[in-house]
Amino acid sequence: MPTPNFLAIGSIIIDDIVYPDGRTSMGVLGGGGTHAAYGIAFSGEKPGLVGLVGEDLPGDIRARLEADFDCAGLVWTRHPQVRGWQIFEWNGLRNEIFRVEVIEPFMFGPAADSPDIPFESVSGFTLLRAPEHVVSWRARFPDAVLLWEPVRIFMLSADHEAFLTGIAQADIVSPNLHEAQTMYGIEDELEIMRRMLADGVKVAALRMGELGSLVARRGAGLAHYIPAVEVAEVVDQTGAGNTYCGGFLVGFCREGDIIEAGCYGAAAASFTLEYVGCAQMPANLDLEWSRRLDEARRGLRSVSL
């Protein structure tokens, strides 16, 4: 099998979902790394997925991963597969309760220098990790485009000095709006964008949920609002931001333009909204991809920074 052009590095999680009315969806494929890999896949690439998986990973989940991704970068462990209750409330809040004792290795493993990862060079990769991991993964793939999606628990710590160490190694930085508001103590998205660029971010993609995203490149003097692509019914918003990151990475590497990259991200994220857990690859992907990409392009607007 040829080496993939793109990698998604992050967690693979099995979700057991409980809805406010008592309904459940058990054994759902999730995890930030998996969602990001689907964002790459919707963009027309077959990504490599890098993460830790337990020896008891369900057979149907393993078969799905192997059908959609290059799984040579999955590192197997004897720990039980990380799995958690996802409890949704009527007001949209979600509570996560892990169902296994060993969690951290799945969130941050494998290490960048792991001999079990066979990939030697790639065009780009998404990385859902804390700042200290950005340094080691940059060393692993020094010539690749690195899109850093800061892990949520770190962003909510508001450790600005550590944030700067991650920025220094990344080509693209993509937090969500709530996380960035917490980190900077600022509500306004344009002011947050100015601060991120002043801190040294080369390309910033601020994800804002149903409001779309705000993207900018350092030194350009402009920021661009990319709308969220509408879908017939929003089934589950979980993972849409991760999926956006995978699409953005491919768009940036393929087109070299942050507006197009933002539109790629918006189109990719829209597929996730239509499914519980990770979206299925549609049979008419080429047609749907083109339509959603055009919709994102039509709604964009630019403002001065």
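Remember, predicted model here, so these are calculated numbers, not experimental data. (Residues numbered from 1 in each chain as written. Predicted model: local features only at pLDDT ≥ 70, side-chain atom pairs only at ≥ 80, totals over all residues. Heavy atoms only, no water.)

Asks: Describe in detail helix 4 (residues 131–140), supporting the description with residues and values.
Replies: Along helix 4, the positions that sit buried rather than exposed are P131, H133, V134, W137 and R138. Down the axis of helix 4, the smallest arc covering the buried residues is 140°, so these residues share one side. Structural note: helix 4 exposes E132 and A139 on the side pointing more than 90 degrees away from its buried face. (Buried < 20%, exposed > 50% of the residue type's maximum accessible area, 1.4 Å probe, protein only. Helix = DSSP H or I, 4+ residues; strand = E, 2+ residues; numbered from the N terminus. Arc of directions from axis to C-beta.)

Asks: Lay out the nonpolar core with the relevant residues and their values.
Replies: Within the largest apolar cluster, 51 residues are counted, with the highest numbers of intra-cluster contacts made by F42, L49, L65, F69, F248, F252 and W289. With 10 residues, the single largest contributor to this core is helix 10 (residues 258–273). Among the nonpolar cores identified, the runner-up in size contains 49 residues, and V100, V122, M208 and A223 belong to it. (Core = buried A, V, L, I, M, F, W, Y, C linked by side-chain atoms within 4.5 Å.)

Asks: Now, about the side chain of T77: what can you tell me, with residues and values included?
Replies: Note on placement: T77 falls in strand 5 (residues 74–77). Separated by 3.2 Å, the side chain of T77 and the backbone nitrogen of H79 make a polar contact. Beyond its immediate chain neighbours, meaning those up to four positions away, T77 contacts L52, V53, G54, E55 and F106. (Polar contact = N/O pair within 3.5 Å; in protein donor to acceptor, adjacent residues only side chain to side chain. Contact = heavy atoms within 4.5 Å.)

Asks: With reference to specific residues and values, describe the state of the cysteines.
Replies: Here a disulfide denotes one covalent bond, and it connects the sulfur atoms of two cysteines. Applying the stated rule across the entire model yields zero disulfides. Cysteine C71 shares no disulfide, and the gap to the nearest cysteine sulfur, in C278, comes to 12 Å. Considering cysteine sulfurs only, C253 is the nearest to C245, which forms no disulfide, with 13 Å between them. Given a relative accessible area of 0%, C245 falls into the buried group. (Disulfide = S-S within 2.5 Å.)

Asks: Lay out the sheet that holds strand 1 (residues 6–9) in plain terms, naming residues and giving numbers.
Replies: Here we have 10 strands laid out as an open sheet, ordered 5-4-1-8-9-10-11-12-13-14, and mixed in their pairing. The sheet terminates laterally at strand 5 and strand 14 (301–304), the two strands that pair on one side only. Summarising the sheet, strand 10 (residues 172–173) and strand 11 (residues 203–207) pair through two bridges and their orientation is parallel. For V173, the partnering residue across the bridge sits in strand 11 and is A204. (Pairing = 2+ DSSP bridges.)

Asks: For unusual backbone geometry, give the residues involved together with the corresponding values.
Replies: Glycine aside, residues mostly have negative phi angles, and peptide bonds mostly take the trans form. Looking along the chain, the bond that leaves G109 and enters P110 is cis, with omega of 0°. Within the secondary structure, P110 sits in the loop between helix 3 (104–108) and strand 8 (124–129). Even without being a glycine, A158 presents a positive backbone phi close to 60°. With respect to the secondary-structure elements, A158 resides in the loop between helix 5 (152–155) and helix 6 (160–167). Take A158: its relative accessible area is 35%, and that puts it in the partly exposed class.

Asks: An account of the pattern of salt bridges is requested, with residue identities and associated values reported.
Replies: A full pass over the atoms with the stated rule returns 16 salt bridges. For R83, the salt bridge is made with D16, and the minimal N-O distance between the two is 2.7 Å. In this pair, R83 is assigned in strand 6 (residues 83–88) and D16 in strand 2 (residues 13–18), connecting sequence segments 67 residues apart. The exposure class assigned to R83 is partly exposed, which follows from its relative accessible area of 26%. We classify D16 as buried; its relative accessible area is 0%. Where D16 meets R99, a salt bridge forms, and the shortest distance between an N and an O atom there is 2.6 Å. Within this pair, whereas D16 is found in strand 2, its partner R99 is found in the loop between strand 7 (94–98) and helix 3, the two being separated by 83 residues in sequence. Residues joined by salt bridges that share partners form a network here, namely E274, E288, R291, R292 and E295. (Salt bridge = Lys/Arg side-chain N within 4 Å of Asp/Glu carboxyl O.)

Asks: Can you lay out helix 1 (residues 32–42) for me, pointing to particular residues and giving the numbers?
Replies: Counting buried residues in helix 1 gives 11 out of 11 residues, a clear majority hidden from the surface. Taken together, the buried positions of helix 1 are occupied by G32, G33, T34, H35, A36, A37, Y38, G39, I40, A41 and F42. Phi turns positive one or two residues past the end of helix 1, at G44, with a value near 100°.

Asks: So what's going on with the packing of aromatic side chains? Which residues, and what values?
Replies: Across all of its chains, the model carries 10 aromatic pairs by this definition. When the centroid spacing of 6.1 Å and the interplanar angle of 20° are considered together, the rings of Y19 and F88 count as stacked. In this pair, Y19 is assigned in the loop between strand 2 and strand 3 (24–30) and F88 in strand 6, connecting sequence segments 69 residues apart. Each of the two residues, Y19 as well as F88, counts as buried. Their ring planes at 80° and their centres at 6.1 Å tell us that F163 and Y184 sit as a pair that is edge-to-face. Pair noted here: F163 is in helix 6 and Y184 is in helix 7 (residues 177–184), with a separation of 21 residues, a long-range link. Here F163 falls in the buried class, since its relative accessible area comes to 0%. The buried category is assigned to Y184, whose relative accessible area is 8%. Among the aromatic residues, ring-to-ring pairing joins Y38, F42, F69 and F271 into one connected group. Cation over ring: R292 sits above F271, and NZ or CZ is 4.0 Å from the ring centre. Positioned above the aromatic ring of Y225 is the side chain of R301, whose terminal nitrogen or guanidinium carbon lies 4.1 Å from the ring centre. (Phe/Tyr/Trp six-rings, centres within 6.5 Å; stacked < 30°, edge-to-face > 60°. Lys NZ or Arg CZ within 6 Å of the ring centre and 35° of its normal.)

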